[in-house]
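# Survey of secondary and tertiary structure
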Amino acid sequence: MPGSRTGGPPVQRAVRRPAVPRPRRENPLRTLHTRARKAWDRPLTAYYLILGGSALITVLGLVMVYSASQITALQMSLPGSYFFRKQLLAAAIGTVLLLAASRMPVKLHRALAYPILAGAVFLMVLVQVPGIGVEVNGNQNWIALGGSFQVQPSEFGKLALVLWGADLLARKQDKRLLGQWKHMLVPLVPAAFMLLGLIMLGGDMGTAIILTAILFGLLWLAGAPTRMFAGVLSVAALLGVVLIRTSPNRMARLACLGATEPQSGPVDCWQAVHGIYALASGGIFGSGLGASVEKWGQLPEAHTDFIFAVTGEELGLAGTLSVLALFAALGYAGIRVAGRTEDPFVRYAAGGVTTWIMAQAVINIGAVLGLLPIAGVPLPLFSYGGSALLPTMFAIGLLIAFAREDPAARMALAMRQPRFGKKRNGGPQRPRRWNTMRRRA
């Protein structure tokens, strides 16, 4: 090898290596979106959303009931925790009903449809019997159980319509009869109108609206054609207009939409306006738990129909948005359960329960915000009232049972690792995976 010009050893040049392309940096937002989508698509997502969301709403509701009802109880010469203790007792009984409903098989739920419907109709008839029915705030829809305990049978009518309507439509779908309009409407619509008539005899327009929403939800899930759906909706709207125009109380509630002063002309909008005052004074993070001003006699029904206003005043915009997020998660989980099942009864029942809870939440919150007339319906799982809490928690138990019945969820629950990473027989537990099972097209 020839030497260099200086006489020294030859200089060996380094061999150039081919350039290795640098790995592309992943977009952190896209990575986060991908991980969130995978977590959202897991088989047990709906199960945990229903269980966790309903538990958080109930616990937060108990806290707000205690805060919002103290002044009302003291004004009635009762202990400050009077309403809270009654709500806590109802929540304990409701938890038992929820656990029982979540462990029942689907066949037993279907078997309970007719007994619950018959019991609800019987109690709603008893409400109209003089000496048995009790009138509260102008509506006779309560039955006294002795002492300070009362029950509102119309709340159980919602659960009865969901179970009975889902069982009826499921049996007709199995026989392929839903393609005929008479089988889709009869006897579902006449039975729903019977329940609506019994409710309206007591003057409870708010519960009648919720029952109508459940009926429309069932018809929508059953695949009612647009013209049939529009026809039933037109009849219901016409009846609603007649009932509103013939009642001065309902006309006054309608006139309070958008009111900013308590006395808007000849109509007294005290409750609606002070609900807006409570929300407006809360700010971003609220005045603090227990520091509401409106609950000191200014805001009527602060612990029942307008508890969302007290929540906005004490917990602020952050608290109200948290409540809305919990209801949104609960609604999404219910729609997911109804959309991924192959069982028609589960689809109709899950859709009916979701329609019930979401419609009632929208009507209550819309009334507090001044966007809808005050209908007098409680916020599900949140407002004070054992008659509303018990059937709602049983309905949540239905959704939990339906979420557990999904094949992918059942497999995921069976393969969950027990505590300390060991099997029940003492052997080591290996990590396993499962594939998300989507509903077949």
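The structure we're discussing is the one just above.
Predicted model, so just to flag it, every value in this text is computed and none were measured.

A word on the pattern of salt bridges. Oppositely charged side chains can pair when the atoms bearing their charge come close. Going through the model one piece at a time under the given rule, you end up with five salt bridges. In this structure, K158 and E155 form a salt bridge, with 2.9 Å as the shortest nitrogen-oxygen distance. Placement of the pair is K158 and E155 together in helix 6 (residues 153-174), with a separation of three residues, close to one helical turn. Where E405 meets R410, a salt bridge forms, and the shortest distance between an N and an O atom there is 3.3 Å. The exposure class assigned to E405 is partly exposed, which follows from its relative accessible area of 37%. Taking the relative accessible area as the measure of exposure, R410 reaches 44% and is therefore partly exposed.

Within the secondary structure, A349 is located in helix 14 (residues 344-368). A349 has contacts with V162, A166 and F402, leaving out every residue within four places of it along the chain.

The subject of this paragraph is the packing of helix 15 (residues 386-405) against helix 16 (residues 407-414). When two helices pack together, their arrangement is given by the angle between their axes and by how far apart the axes lie. Close contact between helix 15 and helix 16 brings their axes to 5 Å; oriented N to C, the two are set at 85°. It follows from the interaxial angle that helix 15 and helix 16 lie roughly perpendicular. Residues A403, R404 and E405 of helix 15 form the contact with helix 16, whose participating residues are P407, A409, R410 and L413. Tallied by class, residues from the contact of helix 15 with helix 16 come to four nonpolar, no polar and three charged.

Attention now moves to the nonpolar core. Residues I50, L188, L219, F345, Y348, I396 and F402 are the most contacted members of the largest nonpolar core, which totals 115 residues. Here this core takes 13 residues from helix 14, the largest share from any one element. Discounting residues that sit within four places of it in the chain, L219 has contacts with M184, L185, L188, A224, F229 and V232.

Here is what the cut-offs are and how they apply
Residues numbered from 1 in each chain as written. Predicted model: local features only at pLDDT ≥ 70, side-chain atom pairs only at ≥ 80, totals over all residues. Heavy atoms only, no water. Salt bridge = Lys/Arg side-chain N within 4 Å of Asp/Glu carboxyl O. Helix = DSSP H or I, 4+ residues; strand = E, 2+ residues; numbered from the N terminus. Buried < 20%, exposed > 50% of the residue type's maximum accessible area, 1.4 Å probe, protein only. Contact = heavy atoms within 4.5 Å. Axes fitted to C-alpha atoms, helices over the stretch in contact; angles between N-to-C directions. Parallel < 35°, antiparallel > 145°, perpendicular 65-115°, else oblique. Nonpolar A, V, L, I, M, F, W, Y, C, P; charged D, E, K, R; others polar. Core = buried A, V, L, I, M, F, W, Y, C linked by side-chain atoms within 4.5 Å.

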